[in-house]
Amino acid sequence: MVHSMSNVQTREAALQIANQVQNRLKRSVIGRDEVIELVVIALLSDGHVLLEDYPGSGKTTLAKALGDSLVDDQPNDSIEAMRRVQFTPDLLPSDVTGTTIFDPESKRFFFRHGPVFAHVLLADEINRTSPKVQSALLEAMSEKQVTVDNKTYPLDDLFFVIATQNPLDLAGTFPLPNAQLDRFLFKIKMTHIENAAELDLLMRFDDIKKGAQDDLPRVKRGDLVAAREVLMREVHIAPQIKQALVMLAEETRQSNRSLQGVSTRSLVLALPALQARALLHGRSFVIPEDLQVLAPTIFAHRLMMAPGAGEPETVIEEALVRPMEFLSKAAIQK
């Protein structure tokens with residue numbers, strides 16, 4: 001894809017873009033500020049997000065609000081700002097990626113683009129379809145392209161998947177394959193919002209339902225892509241932080257509670273996420289707190305747990321102890 005020119009060249013400009021997205025999301029989604037921050041971090045760090053909770057918790061509303069926050073500065077007939085796929089047991093891979101169609105008038109084949117051709121793809125209830133259809137997203141999420149009938153079609157640079165799933169104890173759900181889970185930067189478990197926020201939502205529902213209006217500007221697609229590049233360039237990660245990540249991975253691999261520790265790919269994906277959190281908190285460098293806060297949402301869903309070993313978040317918390325002690329004694333280079 002061709003990059004459009006953008007005025008986002010500095011850390012301050014990138015932070016302004018991030019805040020614009022956050023402000024629009026907060027106007028539509030009440031009581032979810034922590035979740036919104038994680039979604040914006042994933043968006044800035046070119047990751048994907050898996051949201052888990054029971055129906056009616058605001059997952060779809062959040063994804064729609066994100067799509068509505070973007071404006072396309074590179075119009076393309078085949079790529080929309082936001083598309084939604086409702087995953088069902090009878091869905092086919094071509095329903096996601098697209099398919100080749102024969103036109104009897106021109107007597108030629110042409111490719112009909114699927115919903116994956118979007119800046120933001122909402123994969124709604126992704127665990128209600130078969131692993132075969134879930135795997136149709138693997139190439140798109142990791143390489144930003146799809147291959148149909150031996151021909152490869154590129155996706156947009158911004159391509160961002162926000163998937164929702166219901167807990168596995170609900171009927172009619174399929175567990176996501178490990179390869180699929182590893183493509184998600186974050187898995188976020190959404191809990192019920194606080195009573196005060198819930199009452200506020202009910203009292204102001206008509207206004208909240210309208211979402212963000214023109215008083216909160218939308219964000220250009222090109223500016224978001226540029227903000228990602230600024231992030232990588234302008235936010236520093238000290239060698240000690242990277243060393244702590246390796247120590248964390250080692251702890252998960254040696255734990256007798258996990259059959260498989262976190263992958264090297266997950267460590268690489270963690271770097272821009274740490275940078276994005278530092279940016280959102282007004283810093284030009286990553287601190288140990290960034291690692292402590294983000295580690296459970298980055299790594300817990302990647303662990304393959306031993307039977308009866310408990311929750312993966314507990315393993316990550318235990319694996320963090322030694323790296324955080326190391327960082328507390330190290331002189332972090334800013």
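Residues numbered from 1 in each chain as written. Predicted model: local features only at pLDDT ≥ 70, side-chain atom pairs only at ≥ 80, totals over all residues. Heavy atoms only, no water.

Trainee: Just checking my understanding: could you explain the pattern of salt bridges for this structure?
Mentor: Where charged atoms from two side chains of opposite charge come close, those side chains can pair. Counted under the stated rule, the structure contains 22 salt bridges. Residue Glu12 is joined to Arg11 by a salt bridge in which the shortest nitrogen-to-oxygen separation is 3.8 Å. On the basis of relative accessible area, Arg11 is assigned to the partly exposed category, the value being 21%. Asp182 is the salt-bridge partner of Arg302, the closest N and O atoms lying 2.6 Å from each other. Taken together, the residues Arg302 in the loop between helix H13 (288–299) and strand E13 (304–305) and Asp182 in the loop between helix H7 (178–181) and strand E10 (186–189) connect sequence positions 120 residues apart. Side by side, Arg302 and Asp182 carry an identical accessibility label, which is buried. Taken together, the shared-partner salt bridges in this structure form one network comprising Glu37, Arg277, Arg283, Glu289 and Asp290. (Salt bridge = Lys/Arg side-chain N within 4 Å of Asp/Glu carboxyl O. Buried < 20%, exposed > 50% of the residue type's maximum accessible area, 1.4 Å probe, protein only. Helix = DSSP H or I, 4+ residues; strand = E, 2+ residues; numbered from the N terminus.)

Trainee: What's the story with the layout of surface pockets in this structure? I'm lost.
Mentor: Using a probe with the size of a water molecule, rolled over the atoms, empty space left in the structure can be pinpointed. Reported here for the largest pocket is a volume of approximately 1100 Å³. Lining the largest pocket are 37 residues, with Glu52, Lys187, Ile188, Lys189 and Glu313 sitting closest to its centre. Those elements that provide at least two residues to the lining of the largest pocket are helix H2 (33–44), H7, E10, H13, E13 and helix H14 (312–329). In terms of residue count, the dominant contributor to the lining of the largest pocket is H2 (5 residues). (1 Å grid on protein atoms, 1.4 Å probe; cavity = no way out; pocket = protein on both sides within 12 Å on 5 of 7 lines; lining within 4 Å. Points joined across faces, edges and corners; volume = space filled by probe spheres on them.)

Trainee: For this particular structure, what's the right way to read the packing of aromatic side chains?
Mentor: Two measures describe an aromatic ring pair: the distance that separates the ring centres and the angle between the ring planes. Tallying each qualifying case throughout the model produces 3 aromatic pairs. Where Phe111 meets Phe117, the ring centres are 5.9 Å apart and the plane angle is 70°; that geometry is what we call edge-to-face. Seen from their ring centres, Phe111 and Tyr153 are 4.0 Å apart, and the 10° between their planes marks the pair as stacked. Placement of Phe111 in strand E5 (residues 108–113) and of Tyr153 in strand E8 (residues 151–154) is noted, with a sequence separation of 42 residues between them. For Tyr153, a relative accessible area of 14% translates into the label buried. An aromatic cluster of at least three residues, connected via ring pairs, comprises Phe111, Phe117 and Tyr153. (Phe/Tyr/Trp six-rings, centres within 6.5 Å; stacked < 30°, edge-to-face > 60°.)

Trainee: How do you make sense of the side chain of Ser45 when you look at a structure like this?
Mentor: Among the secondary structure elements, Ser45 is positioned in the loop between H2 and strand E1 (49–52). In this structure Ser45 comes out as buried when scored by relative accessible area, which is 8%. With sequence-adjacent residues up to four places away left out, Ser45 is seen in contact with Leu185, Leu231, Pro272, Ala273 and Ala276. (Contact = heavy atoms within 4.5 Å.)

Trainee: What exactly am I supposed to notice about the packing of helix H12 (residues 264–280) against H13 here?
Mentor: In a packed pair of helices, the relevant descriptors are the angle between the two axes and the axis-to-axis distance. With their axes 10 Å apart at the nearest point, H12 and H13 run at an angle of 130° to one another. Considered as vectors, H12 and H13 are oriented oblique to each other. Here H12 runs over H13; the crossing is right-handed. Listed contacts from H13 to Ser266, Leu267, Ala270, Ala273, Leu274, Arg277 and Ala278 of H12 are Glu289, Asp290, Leu291, Val293, Leu294, Ile298 and Phe299. Classifying every residue of the contact of H12 with H13 gives 10 nonpolar, 1 polar and 3 charged. (Axes fitted to C-alpha atoms, helices over the stretch in contact; angles between N-to-C directions. Parallel < 35°, antiparallel > 145°, perpendicular 65-115°, else oblique. Left-handed = near helix turned anticlockwise from the far one by under 90°. Nonpolar A, V, L, I, M, F, W, Y, C, P; charged D, E, K, R; others polar.)

Trainee: Whenever I open this one, H2 confuses me. Can you help?
Mentor: Think of an α-helix as 3.6 residues a turn; residues three or four steps apart then line up on the same face. Compared with the 16 Å implied by 1.5 Å per residue over 12 residues, the 16 Å span of H2 between its first and last C-alpha is a close match. Counting buried residues along H2, 9 of its 12 residues qualify, which places the element largely inside the surrounding structure. Of all the residues in H2, the buried ones are Val35, Ile36, Leu38, Val39, Val40, Ile41, Ala42, Leu43 and Leu44. At the C-terminal side of H2, Asp46 shows a positive phi close to 60°. (Expected span 1.5 Å × (residues − 1).)

Trainee: Please explain the pairing of E1 as it appears in this structure.
Mentor: As a general feature of sheets, a regular strand has side chains that alternate between the two faces. Neither face of E1 is open: one carries Val49 and Leu51, the other Leu50 and Glu52, and all of them are buried. The sheet contact formed by E1 and strand E9 (residues 160–165) spans 4 bridges and is parallel. In the sheet register, Leu51 faces E9, and the bridge partner there is Thr164. Note that E1 and E10 share 4 bridges and pair parallel. Bridging across to E10, Glu52 finds its partner in Lys189. (Pairing = 2+ DSSP bridges.)

Trainee: So what exactly am I meant to see when it comes to the side chain of Arg302 here?
Mentor: Among the residues examined, Arg302 registers a relative accessible area of 8% and is labelled buried. Engagement of the side chain of Arg302 in a polar contact is seen with the backbone oxygen of Ile298, the distance being 2.6 Å. (Polar contact = N/O pair within 3.5 Å; in protein donor to acceptor, adjacent residues only side chain to side chain.)

Trainee: What is the right way to look at unusual backbone geometry in this model?
Mentor: The phi dihedral of Asp46 falls on the positive side, at around 60°, and the residue is not glycine. Within the fold, Asp46 resides in the loop between H2 and E1. The phi angle at Asn150 is positive, at roughly 65°, despite the residue not being glycine. For Asn150, the position within the fold is in the loop between strand E7 (145–148) and E8.

Trainee: When you look at the pairing of strand E6 (residues 118–124) in this model, what are you seeing that I'm missing?
Mentor: When you tally the buried positions in E6, you get 7 out of 7 residues, the bulk of the element. When strand E3 (residues 80–86) meets E6, the two strands line up parallel, connected through 6 bridges. Paired with Gln86 across the strands is Asp124, a residue of E6. Two strands pair when backbone bridges link them, and E6 and E9 are joined in this way by 4 bridges, in the parallel orientation. Bridge assignment links Ala123 to a residue of E9, and that residue is Ala163.

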